[in-house]
Every structure is written in structure tokens, then in C-alpha cells.
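Results of the structural survey
Listed below are the residues making up each chain.
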Amino acid sequence: FTTGVAQGIAELPLYSGLSYRIICMLVLWIVTALFIARYAKKVRLDPSKSYVYDLEQVQKNQEVEKHYDTDLSAQQIAILVIFILGLCLIIYGSLRLNWGNRVHMQIYLCMSVILAIVGKFNPNETVRVFVRGAKGMLAAALVLGLSRSISMILDEALVLDTVIYGCAAILNGLPTLLRGPAMLIANTIINVFLTSGSGQAAAVMPIMVPLSDLIGVTRQTAILAFNFGDGFCNYILPTSTALMGIISACNIPYDRWMRFMWKIFILWLIVGTVLLIGAQLIHFGPM
């Protein structure tokens, strides 16, 4: 979704560049899987090497046997199938029919109605669930709106060109192959203060797009740098609601998580830098 927002601002075909992004995903997946497998092997040989070994011992002593019903009902299977078909329709329409975010929103709305009917929700319950879900997106929507207003103010006040010129002057002093990685670092720093992916796209891409044109970096590479800068950071930032929710559910303190995660984060930055250099070498463009 954030890629779609960024590409819309960059005036690129929606979800273009998919082939190289898939390569990036596979490379990062393999590197991460090998790292985790190595850690798992070390813990298997010596459980005390686990960063949460003492916490797991306490949990085992307090654990009560629980039974869960893991069988999916026909209704739940139907809901999953409808949801997956809806996502497939969005992907097909984006790639073949040039659908934009407005059509995506209409499809999501229709899906929610169909899922409510299949799930046998009454109208009142459907509205309550919809409002509860909308509350979770309210903060992101506000950040997105404010970010757009910032770019508009910068543009109307003729400040945006000055910012772009200053950034271009700095990046032009770097070797061509390191300009993409420099954008990655910049996006990573920005993500510390603006964790919303769509909000960051709205705030950053109006600057990064013309900047990439000035310094000889393709717009697709600039968006890839944004992807990495926005994505990697979300696994270490305490301001990331998704991260804090997940580790809280698993009873993992943030300091223990960081003792494990900082190494993967550094590894991702190194791999991301190599992938951005590769994108620059192949002149990564609309595909």
C-alpha cells in the first residue's frame, strides 16, 4: 500500500518494478531466515543462550495447560476465500486496468459488506466493527493529511525547491552508486519521527522524486530506498504500534527484543545498500 502511495506521488505506474522488488524480498527473506536458523541452532544446543531464557523458565512454572479449537468452520473458510479473492482482484486491476487508490477503497468497502453478510453480522454489529477498525486508522489518516499540507505549504512558499537544491548539492558530492543508499539512510532517520508509512510517503516523496531526477537516481530506486527506510526501522522503533503490540503479546520486554533485533537490522541495512546499488546499476525503472 505504501508503495502504491509513493508511486502515485512519483507519477509511476502503480505497482511497477514488481520483478526487482520480488528479488529484493527473496534476498532479504533468505538472509533473515539463515540468521534466525543460526540463532535457533545455538539455542537448541544450549537453551541458556536464548535472550529470554530466564523469562521462559518463569513462564513454564506458571503455565496452565490450555486447549484451543483449531478447526476452521465452513463460514471462516468462506470469509478467508472472499478476502483473498478481493486482494487478488485489487492486484489484477492495479497491474492490468490501472486502478488507483479510489477503486481500491471501493473494493475494500464492498468486501467489508460481503464479509459482514457471510459472517452473519447484524447491521448494528457491522457498523460497530467498522467504526472500531476506522479508529485504528484515524491517527495514520491525520498524519497523512498533515504531511500533505506540509508539502503544499513548502511548495506554495517556494521553499520546496530550496530544500531539493540543498539536498541535491549534498548528494551530488557522493559517488553515483552511493546516492541510493544515502536516500535509505535519510528515510530511516525520518521514520524515527514519522512512523506512518503512508504519512512518510506523503511527506518525503514530494522531495525525493525531484531530487532523484536531479542527482541521476531513477524514481523507482528512490521509492525502493523509501521502502527500505520505512520498513526496516519498524522492527526496532518503540513508537511502532505493531511492534510493541506483538512483543507485548509474546511477553518479550523491549530491551530483550533489541538485544536480538539490532543485529538483523544492521544486516538489513547492509543488504538493502547492496540491493540499491544493484538498482542503480540496472537503472531500475518502470517495469
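As the structure is a prediction and not an experimental result, all values here were calculated from the model.

**Let's talk about the packing of helix α1 (residues 2-9) against helix α9 (residues 197-215)**
- Where α1 meets α9, the axes come as close as 9 Å, and the angle between the chain directions of the two elements is 20 degrees. With respect to α9, the axis of α1 lies roughly parallel. The interaxial crossing formed by α1 with α9 has right-handed handedness. Contact residues: Thr 2, Val 5, Ala 6 and Ile 9 in α1; Gly 197, Ser 198, Ala 201, Ala 202, Met 205 and Pro 206 in α9.
- Its residues placed into classes, the contact of α1 with α9 shows seven nonpolar, three polar and no charged.

**So, a nonpolar patch on the surface**
- On the surface, a nonpolar cluster with roughly 900 Å² of combined accessible area is contributed by Leu 18, Ile 22, Met 25, Leu 26, Trp 29, Ile 30, Leu 34, Ile 91 and Leu 95.
- For the nonpolar patch, the elements supplying multiple residues, two or more each, are α2 (18-45) and α4 (74-96).
- Note on placement: Ile 22 falls in helix α2.

**Points about the pattern of salt bridges**
- A complete count under the given rule lists two salt bridges for this structure.
- In this structure, Asp 54 engages Arg 256 in a salt bridge whose closest nitrogen and oxygen atoms are separated by 2.9 Å. On the criterion of sequence distance, the pair formed by Asp 54 in helix α3 (residues 53-62) and Arg 256 in helix α12 (residues 254-281) is long-range, its members being 202 residues apart.
- The salt bridge partner of Arg 219 is Asp 213, with a shortest N-O separation of 2.7 Å.
- Its relative accessible area of 26% is what places Arg 219 among the partly exposed residues.
- By relative accessible area, which is 43% here, Asp 213 ends up partly exposed.

The rules we used
- Here the residue numbering is sequential within each chain, running from 1 through the sequence in written order.
- In keeping with the predicted nature of the model, local features appear solely for residues at pLDDT of at least 70, side-chain atom pairs appear and are counted solely at 80 or more, and the whole-chain, interface and lining totals rest on all residues.
- Derived side-chain values reflect all non-hydrogen atoms in the structure, with water molecules and hydrogen atoms excluded from consideration.
- Axis angles are defined between N-to-C directions and span 0 to 180 degrees, where every axis is a line fitted to C-alpha atoms and, for a helix, only to the segment in contact.
- Only DSSP runs of H or I covering at least 4 residues are called helices, and only runs of E covering at least 2 are called strands; the numbering of each starts at the N terminus.
- Angles below 35 degrees are treated as roughly parallel, those above 145 as roughly antiparallel, those between 65 and 115 as roughly perpendicular, and all remaining angles as oblique.
- A clockwise turn of the near helix away from the far one marks a right-handed crossing, whereas an anticlockwise turn of less than a right angle marks a left-handed crossing.
- Pairs of residues are marked as contacts when any of their non-hydrogen atoms sit within 4.5 Å.
- Side-chain classes follow a simple rule in which Ala, Val, Leu, Ile, Met, Phe, Trp, Tyr, Cys and Pro form the nonpolar group, Asp, Glu, Lys and Arg form the charged group, and the remainder, Gly included, forms the polar group.
- Residues form patches when they are more than 30% accessible in relative terms and have no salt bridge. Like charges link within 9 Å. Nonpolar side chains (Val, Leu, Ile, Met, Phe, Trp, Tyr) link within 5 Å.
- With residues, only the protein chains shown are counted as cover, and all accessible areas are computed by Shrake-Rupley using a 1.4 Å probe.
- A pair is scored as a salt bridge if a Lys or Arg side-chain nitrogen falls within 4 Å of a carboxyl oxygen belonging to Asp or Glu.
- Three labels apply to residues, based on accessible area from a 1.4 Å probe with only protein chains included: buried if under 20% of the type maximum, exposed if over 50%, partly exposed otherwise in between.

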